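Secondary and tertiary structure notes
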Amino acid sequence: MTPEEIHSKLANSHGDAILPWLAPEHGDPCIQVAPEGFRAVAESLRHTPDLAFDFLRCVTGVDREASLSSVYHLYSYTHEHGVTLRVDVARDEARLPSVSDLWPAADWHERETYDMMGIEYEGHPGLRRILLPSDWEGFPLRKDYVPPKTYNGLTNE
Amino acid sequence: MPHEELPGKSPAPETLLKQYIREPRDLTRYLHYLKVARKEGLPTAVLPLDAAINWARASSVWPLTFGLACCAIEMMATGAAKYDLDRFGAGAFRPTPRQADLMIVAGTVTHKMAPRVIRLYEQMPEPKYVMAMGACTIGGGPYAVHGYHVVKGIDRFLPVDVYVPGCPPRPEALIDALLWLQDKISRQDPVKTRYEDAQAAP
């Protein structure tokens, strides 16, 4: 199935949660999902026999000026089709349901997105920093990040 | 070994040592020791011991396997067949710091890794040496300006004996740094220092 077909199929079953098909100037064409209905959409992508997305390739975060996005790249080995999902959340309330019980790969990917962007994933089995030390302050890959001058007595100059 | 004296008569210790030391660098070290001894009035028995200790230490510097990033590849290449480190006595890489003399910090050190580097350094027994390999360990390297998690040079928390510039340094540069370190070791005075400490202590 092409991504547009998948989009229309999901829009039929989930209605409001699926926003119109997004083919931006820069970046992948993707299915944009509202944060409220995201968990249901993820479950149907995983369990519907027609779609059968059994492989989560990547979970990444994107900092757009007004919001943060969590982007999911999915692939199906059964049907050999892939799709990109995008969920936009507000910067000061960046919370999303975790999909680590549907796709185990999401465990570390969501930890990295939390570490770098600050998007919290509810229901994650152990959401903590993965790349930076656990007492690091701030989320480095946000556009408004200011690095600290010192850490543990070592300067960053 | 060819003897210059007549057979049956044992040569002077200095002559024997000169004959055994075939490499010009060793000879220079020994002559330097002789000069120092005459100036400071040290007993002559000490000097061959000093030279022997320094030669042993310099010729068998066992590095710690401490490849952190890309410089590790060049360190492995230097230890492999083509640019052999073993012919300088430094081929026995030890995985444990307890048995290592030299810590070649090969790769970027992040803030998260720095306490672990210090812990490993403290676990090495004396005499120990540190080699800063690659641009990242000298001054931050490519991450010097924008690296928020990179320690800009390991000499901010470790005493470094020799720096090897490069990104990464070629195997020949690493070998050159090792020879430089061997030279530095050979210029130390182990017995004299111990003797001075014993005299100074009341």
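For the structure, check the block above.
Residues numbered from 1 in each chain as written. Chains lettered and ligands numbered in written order. Predicted model: local features only at pLDDT ≥ 70, side-chain atom pairs only at ≥ 80, totals over all residues. Heavy atoms only, no water.

Brief notes about the sheet that holds strand β3 (residues 67–76) of chain A
All names here are of chain A. Read across the sheet, four strands follow the order β1-β4-β3-β2 without closing on themselves; strand pairing throughout is mixed. Strands at the two margins of the open sheet, each flanked by one partner only, are β1 (31–33) and β2 (55–63). Strand-to-strand twist of the sheet, defined as the mean angle between neighbouring strand axes without regard to direction, takes the value 25 degrees. Of the strand pairs in this sheet, β3 and strand β4 (residues 81–90) are connected by ten bridges, and their pairing is antiparallel. (Pairing = 2+ DSSP bridges. Helix = DSSP H or I, 4+ residues; strand = E, 2+ residues; numbered from the N terminus. Axes fitted to C-alpha atoms, helices over the stretch in contact; angles between N-to-C directions.)

What to know about the packing of helix α1 (residues 3–14) of chain A against helix α2 (residues 38–47) of chain A
All names here are of chain A. For the pair α1 and α2, interaxial distance at closest approach is 11 Å and the crossing angle is 125 degrees. Overall, the two elements α1 and α2 adopt an arrangement that is oblique. Where α1 crosses over α2, the handedness of that crossing is right-handed. Across the interface between the two elements, Ile6, Leu10 and His14 from α1 touch Ala40, Val41, Ser44 and Leu45 from α2. Per-class residue counts for the contact of α1 with α2 are five nonpolar, two polar and no charged. (Parallel < 35°, antiparallel > 145°, perpendicular 65-115°, else oblique. Left-handed = near helix turned anticlockwise from the far one by under 90°. Contact = heavy atoms within 4.5 Å. Nonpolar A, V, L, I, M, F, W, Y, C, P; charged D, E, K, R; others polar.)

Topic: helix α3 (residues 106–117) of chain A
Residues and elements named next belong to chain A. In this model α3 runs 15 Å from its N-terminal to its C-terminal C-alpha over twelve residues, within 8% of the 16 Å that 1.5 Å per residue would give. The set of residues buried in α3 consists of Ala106, Glu110, Arg111, Thr113, Tyr114, Asp115, Met116 and Met117. Contacts from the buried residues of α3 go to β2, β3 and β6 (120–122). A positive backbone phi angle near 90 degrees is found at Gly118, which sits one or two residues after α3. (Expected span 1.5 Å × (residues − 1). Buried < 20%, exposed > 50% of the residue type's maximum accessible area, 1.4 Å probe, protein only.)

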